[in-house]
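If you want the building blocks of each chain, they are given just below.
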Amino acid sequence: MTETIDLPVETAAEPQNAAPRRKLFIKSYGCQMNAYDAQKMTDLLAPAGFDETQTLDDADLVILNTCHIRERAAEKIFSELGKVREVKDARRAGGLATQVVVAGCVAQAGGGEIVRRQKAVDLVVGPQNYHRLPELLRRAEAMPVIDTEFPVEDKFDFLVTPPRRVTQARGVAAFVTVQEGCDKFCTFCVVPYTRGAEVSRPVEKIVAEVADLAAAGVREITLLGQNVNAYHGEGPDGRVWSLAKLCARLAEVPGIARLRYTTSHPNDMDGDLIAAHRDLPALMPYLHLPVQSGADAILSRMNRKHDRAAYRDIVRRLRDACPDIALSSDFIVGFPGESDADFAATLDLVQEVTFASAFSFKYSPRPGTPGAEMDEQVPEAVKVARLAALQELLDAQRLAFNRSLVGRTLAVLFEKKGRHVGQIAGRSPYLQPVQVEAPEALIGRILPVEITGLASNSLFGRLMPEETQRL
Ligand code: SAH
Ligand code: SF4
Ligand code: F3S
């Protein structure tokens, strides 16, 4: 007769002779996809023996998950690496080893150059290869390793689902990458080179990830992609699904109350997606739709493949479908050849469309992109003046939008403790933080809040009485 003994789970999972756990310090720069990737790296490294630390000095493994979009972002990495090198040297003097990894878009663009420029780096790994981290780290113990080849396998198939308590600790709003890469080749942009060609994840895998998040209490999902509305993933029916169809499917996942998607390209705003803003209550009435410039000549030199009239037309159709929708955008000032009249056309477009919020940047010539080689580069002083003028207008519009909400009742998803004792903080449908006096037990709930006031970057509100809480 065989005897079986059921070991308690904890004993089975943590054998007495397990290797000591090590500490991971990971810092992410740039876009939300990088933030998502950093979480995935953390999840992947947990079973390999790493726990996250917020203190650089403690770290056995340091990962900088980098951004290459503008020169300043890329250069910042090298000054950060200087600091990391000092910590690595100090730890070595104390008999402790530290592995240093450069991941993300600077890694993809810089490759072996990074190791030549900063000797403290042990591993350079591109955004499509980080699923190999445990193995790459072992190899990097002997000598520096560079892995920036675009792999044949799909990294998403190798990623690890974290334990439920880890997801719960990350809060009730989560990101999920559904599409990666870009085929658009705007002449200013490095992303097609650092993230590669457009790839969409299959619907079923996204649904499974969202269902896992929902089971851990997540209520709001932001679908991520460099061109998220170019999504064309394989559906369970074997057909290609659009982003609109994917959103409709995800809205059915029990527990999921809110959906957002970012970043969209105007040319991929198809009729179905516009209609989804009318028909799908879970889709939040807030859209980040970068236009970059309001001048046709500049849009053409940027290779945006649409003109000002096409952008205005999309905005009109969106507002027809969803009168409540608020828009946000990205702008670049001082692209090569931008005249005073071209810049005036950008200001004019902003006046006409009106944005609830926006990001605006001085053009930064990026190595390897066509824009960097163009004639008529705009002098720095002109860029500075144009950026100031544009930001003044955009700030005024943001403030006017926020003011227009005072006195209105908005559905707020409560996410965490507030700034002061007794407060909790949530997000409006328009992504603004809202501070409310309310008990912590309401975190994770979506409740009607009357907006009572404004601070510079957030709103204040009052929870509506129980009988009005029907949202
Ligand atoms: N995929 C997104 C944008 C990715 S980059 C899209 O298609 O809109 C985010 C923003 O950075 C861009 O919208 C653009 O405004 C800005 N940006 C990109 N390259 C830049 C450069 N070389 N100089 C200044 N800003 C840039
Ligand atoms: Fe860059 Fe243009 Fe692609 Fe956006 S659409 S990632 S701006 S190349
Ligand atoms: Fe930066 Fe790469 Fe994102 S360049 S903006 S981290 S895609």
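Residues numbered from 1 in each chain as written. Chains lettered and ligands numbered in written order. Predicted model: local features only at pLDDT ≥ 70, side-chain atom pairs only at ≥ 80, totals over all residues. Heavy atoms only, no water.

In the vicinity of ligand 1 lie 15 residues, with Phe188, Gln226, Gln292, Asp330 and Ser364 positioned nearest. The contact in question runs from a nitrogen atom of ligand 1 to an N or O atom on the backbone of Phe188, over 3.0 Å. With respect to ligand 1, the side chain of Gln292 contributes an N or O atom lying 2.7 Å from an oxygen atom. Considering ligand 1 on its own, with 540 Å² of exposed area, one finds that the protein chains cover 89% of that surface. Elements that contribute at least two residues to the shell around ligand 1 include exactly strand 15 (326-333) and strand 16 (357-362). When the residues that make up the shell around ligand 1 are grouped by side-chain class, the tally is six nonpolar, four polar and five charged. (Near = heavy atom within 4 Å. Polar contact = N/O pair within 3.5 Å; in protein donor to acceptor, adjacent residues only side chain to side chain. Areas by Shrake-Rupley, 256 points an atom, 1.4 Å probe, with all protein chains shown as cover. Helix = DSSP H or I, 4+ residues; strand = E, 2+ residues; numbered from the N terminus. Nonpolar A, V, L, I, M, F, W, Y, C, P; charged D, E, K, R; others polar.)

Next up on the list: the packing of aromatic side chains. The geometry of an aromatic ring pair comes down to the distance between the two centres and the angle between the two planes. By the definition in use, this model includes five aromatic pairs. Centroid distance Phe335 to Tyr363: 5.0 Å. Interplanar angle 70 degrees. Geometry classified as edge-to-face. On the criterion of sequence distance, the pair formed by Phe335 in the loop between strand 15 and helix 14 (340-353) and Tyr363 in the loop between strand 16 and helix 15 (370-373) is long-range, its members being 28 residues apart. Comparing Phe335 with Tyr363, the two get one shared label, buried. On the basis of an interplanar angle of 85 degrees and a centroid distance of 5.1 Å, the ring pair of Phe401 and Tyr430 is categorised as edge-to-face. In this pair, Phe401 is assigned in helix 16 (residues 380-405) and Tyr430 in the loop between strand 18 (423-427) and strand 19 (433-437), connecting sequence segments 29 residues apart. As far as the burial class goes, Phe401 and Tyr430 line up, both buried. (Phe/Tyr/Trp six-rings, centres within 6.5 Å; stacked < 30°, edge-to-face > 60°. Buried < 20%, exposed > 50% of the residue type's maximum accessible area, 1.4 Å probe, protein only.)

It is worth spelling out the domain arrangement of the protein at this point. As far as domains go, the protein holds domain 1 (16-147), domain 2 (155-404) and domain 3 (409-469). A separation of 26 Å is found between the C-alpha centroids of domain 2 and domain 3. Around 1300 Å² of area is buried between domain 2 and domain 3 when both sides are counted, 60% of it from carbon and sulfur atoms. Ranking the residues of domain 2 by area buried against domain 3 places Val172, Arg258 and Asn402 at the top, with a combined share of 38%. Counting every contact that joins domain 2 to domain 3 gives zero salt bridges. At the boundary of domain 2 with domain 3, the tally comes to eight residue pairs in polar contact (both at pLDDT 80 or more). Looking at the side of domain 2 that touches domain 3, the element that brings in the most residues is helix 16, giving four residues. Split by residue class, the side of domain 2 that touches domain 3 holds eight nonpolar, one polar and seven charged. (Domains from an automatic or database assignment. Buried area = accessible area lost by both parts, 1.4 Å probe. Salt bridge = Lys/Arg side-chain N within 4 Å of Asp/Glu carboxyl O.)

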